[in-house]
Amino acid sequence: MTAELIEYAARLPKAELHLHIEGSLEPEMLFRLAGRNKVDIPFGSVEAVRAAYNFSNLQDFLDIYYQGMRVLLTEEDFFDLTMAYLNRVRADNVRHVEIFFDPQGHTQRGVPFDTAISGILTALSLSKAQFGVTSKLIMCFLRHLPEDDAFATLKQAEGWLDRIEAVGLDSSETGHPPSKFERVFKAARDHGLKCVAHAGEEGPPDYVREALDLLHIDRLDHGNRALEDEALVERLRAAQMTLTVCPLSNLKLCVVDDMTAHPLKRMLDLGLNATVNSDDPAYFGGYVMDNFKAVIEALDLSRDDIKTLAKNSFAGSFLSESEKRAHLAAIDRI
Ligand code: ADE
Ligand code: ZN
């Protein structure tokens, strides 16, 4: 039965809405780029890198994630990174991706904004031309940095705004509430960009409220801790807000102790528009289908739940209404 459900999930067309492209840097590519760019890394082998991927919280992970980024220096590096991800997701029948990138993780190291975004965008358009996988790009602000830095990043993005769909908010959540970025999100909206934010991953339900009230988000990234607050759940349900949930990430970062305790099934039962995503697949043990497999095995999901998750991924995307309709109809045919 479980095997059949996994096979069904694999056959369904899906969208991925929560993916940090820098978090798709597999250890093999880390080594290859370190060699190509002559960057020292504190690991002797691919196995040693994988062994170091043991985290007790979000900050533990972020420290290693920002270290890993140091091998990304040239436009070709960003192209190779993005292309590898796009090639990998095709095997999972992912037909549309909305990916995050962290420009400040690169500009802070002296890598120009234009270098990072050019490499990423070239791969995204090649993937559409070659494989029909469509995409949107979301530029994240690092919340541990001051709002002024986010404003500087928005300025650097000005020549690229026709190719950026939305702004996002990521990095260390605790102590960096959405309210810190109210003005820069307003500026982004004034530029016509959509808004998303990580909230309620480690932070309290109030951070989710702030993301709604002050950042005016179009989509909520994670949102797990919203379940602690009944009124907030009702508000998210009534607004038909999409939650981009990341089960293996939650397990690896100790947001949940065990996959059987993951709130995904509860979210669906409460009528929330949850989706399944991989967050940082190279660090957390898998891509979209690995995440589906983990929740199907642990949470007793029904065939209808799985179909709903796939439908939510397109319905919650930033595709046009007619594009959404075509994907939803394709799901109904399977
Ligand atoms: N940056 C990359 N992955 C992240 C996550 N899961 N939470 C916050 N910031 C991130
Ligand atoms: Zn994330």
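Preceding this section is the structure that the text describes.
Owing to the predicted nature of the structure, the values given are computational and were not obtained by experimental measurement. (Residues numbered from 1 in each chain as written. Chains lettered and ligands numbered in written order. Predicted model: local features only at pLDDT ≥ 70, side-chain atom pairs only at ≥ 80, totals over all residues. Heavy atoms only, no water.)

Observations concerning the layout of surface pockets
Okay, so step 1: In this structure, the largest pocket occupies an estimated 260 Å³ of space.
Okay, so step 2: Residue lining of the largest pocket: L121, L124, S125, K128, T134, S135, K136, L137, D162, R163, I164 and E165, and that is the complete set.
Okay, so step 3: Contributing elements (two or more residues each) for the lining of the largest pocket: α7 (113-131) and β3 (134-142).
Okay, so step 4: Residues that form the lining of the largest pocket fall into these classes: four nonpolar, three polar and five charged. (1 Å grid on protein atoms, 1.4 Å probe; cavity = no way out; pocket = protein on both sides within 12 Å on 5 of 7 lines; lining within 4 Å. Points joined across faces, edges and corners; volume = space filled by probe spheres on them. Helix = DSSP H or I, 4+ residues; strand = E, 2+ residues; numbered from the N terminus. Nonpolar A, V, L, I, M, F, W, Y, C, P; charged D, E, K, R; others polar.)

Some points on the packing of aromatic side chains
Okay, so step 1: According to the stated counting rule, one finds eleven aromatic pairs in the structure shown.
Okay, so step 2: With a centroid separation of 6.3 Å and 85 degrees between ring planes, the pair formed by F55 and F284 is classed as edge-to-face. Of this pair, F55 sits in the loop between α3 (46-52) and α4 (58-68) while F284 sits in helix α14 (residues 281-284), and the two are 229 residues apart along the sequence. Of the two residues examined, F55 and F284, each falls in the buried class.
Okay, so step 3: Taken together, a centroid distance of 6.0 Å and an interplanar angle of 70 degrees make the contact between F141 and F185 edge-to-face. Of this pair, F141 sits in strand β3 while F185 sits in helix α9 (residues 182-190), and the two are 44 residues apart along the sequence. Note on accessibility: F141 and F185 belong to one class, buried.
Okay, so step 4: One aromatic cluster is present, built from ring pairs that chain together Y53, F55, F61, Y65, Y66, Y283 and F284.
Okay, so step 5: The positively charged end of R90 is found above the aromatic ring belonging to F131, 3.5 Å away from the centroid. (Phe/Tyr/Trp six-rings, centres within 6.5 Å; stacked < 30°, edge-to-face > 60°. Buried < 20%, exposed > 50% of the residue type's maximum accessible area, 1.4 Å probe, protein only. Lys NZ or Arg CZ within 6 Å of the ring centre and 35° of its normal.)

A look at the sheet that holds β3
The strands making up a sheet are joined through hydrogen bonds of the backbone, oriented either antiparallel or parallel.
Okay, so step 1: Strands sit in the order β1-β2-β3-β4-β5-β6-β7-β8 across an open sheet of eight strands; the sheet is parallel. At either margin of the open sheet sits one strand with a lone partner, and together these are β1 (14-20) and β8 (273-276). Taken over all neighbouring pairs, the strand axes of this sheet differ in orientation by 25 degrees on average, direction set aside.
Okay, so step 2: As judged from the four bridges shared by strand β7 (residues 242-245) and β8, these two strands associate in the parallel manner. Opposite T242, over in β8, you have N273 as the bridge partner.
Okay, so step 3: Lying on the sheet, α9 is in contact with β3, β4 (166-170) and β5 (194-199); it crosses β4 at an angle near 160 degrees. (Pairing = 2+ DSSP bridges. Axes fitted to C-alpha atoms, helices over the stretch in contact; angles between N-to-C directions. Contact = heavy atoms within 4.5 Å.)

Things to note about the site of ligand 1
Okay, so step 1: The environment of ligand 1 is formed by H20, L58, F61, L62, Y65, D170, S171, H198, E201, H222, D279 and D280.
Okay, so step 2: S171 places a polar main-chain atom, nitrogen or oxygen, 2.8 Å from a nitrogen atom of ligand 1.
Okay, so step 3: In this structure, a nitrogen atom belonging to ligand 1 sits 2.7 Å away from a side-chain N or O atom of D279.
Okay, so step 4: Its free accessible area being 260 Å², ligand 1 has 100% of it covered by the protein chains. (Near = heavy atom within 4 Å. Polar contact = N/O pair within 3.5 Å; in protein donor to acceptor, adjacent residues only side chain to side chain. Areas by Shrake-Rupley, 256 points an atom, 1.4 Å probe, with all protein chains shown as cover.)

Observations regarding the packing of helix α1 (residues 2-11) against helix α16 (residues 303-315)
Okay, so step 1: At a minimum axis distance of 10 Å, the contact between α1 and α16 shows a crossing angle of 20 degrees. Classified by the angle between their axes, α1 and α16 sit roughly parallel to one another. In the packing of α1 onto α16, the handedness of the crossing is right-handed. Contact residues: α1 offers L5, Y8 and A9, while α16 offers R303, I306 and K307.
Okay, so step 2: When grouped by side-chain class, the residues that make up the contact of α1 with α16 number four nonpolar, no polar and two charged. (Parallel < 35°, antiparallel > 145°, perpendicular 65-115°, else oblique. Left-handed = near helix turned anticlockwise from the far one by under 90°.)

With respect to helix α10 (residues 205-213)
Okay, so step 1: When α10 is considered as a whole, its buried residues turn out to be P205, Y207, V208, A211 and L212. For α10, the angular spread of the buried residues around the axis is 160 degrees, confining them to a single face.
Okay, so step 2: Contacts made by the buried residues of α10 are with β5, β6 (219-222) and α11 (230-238). (Arc of directions from axis to C-beta.)

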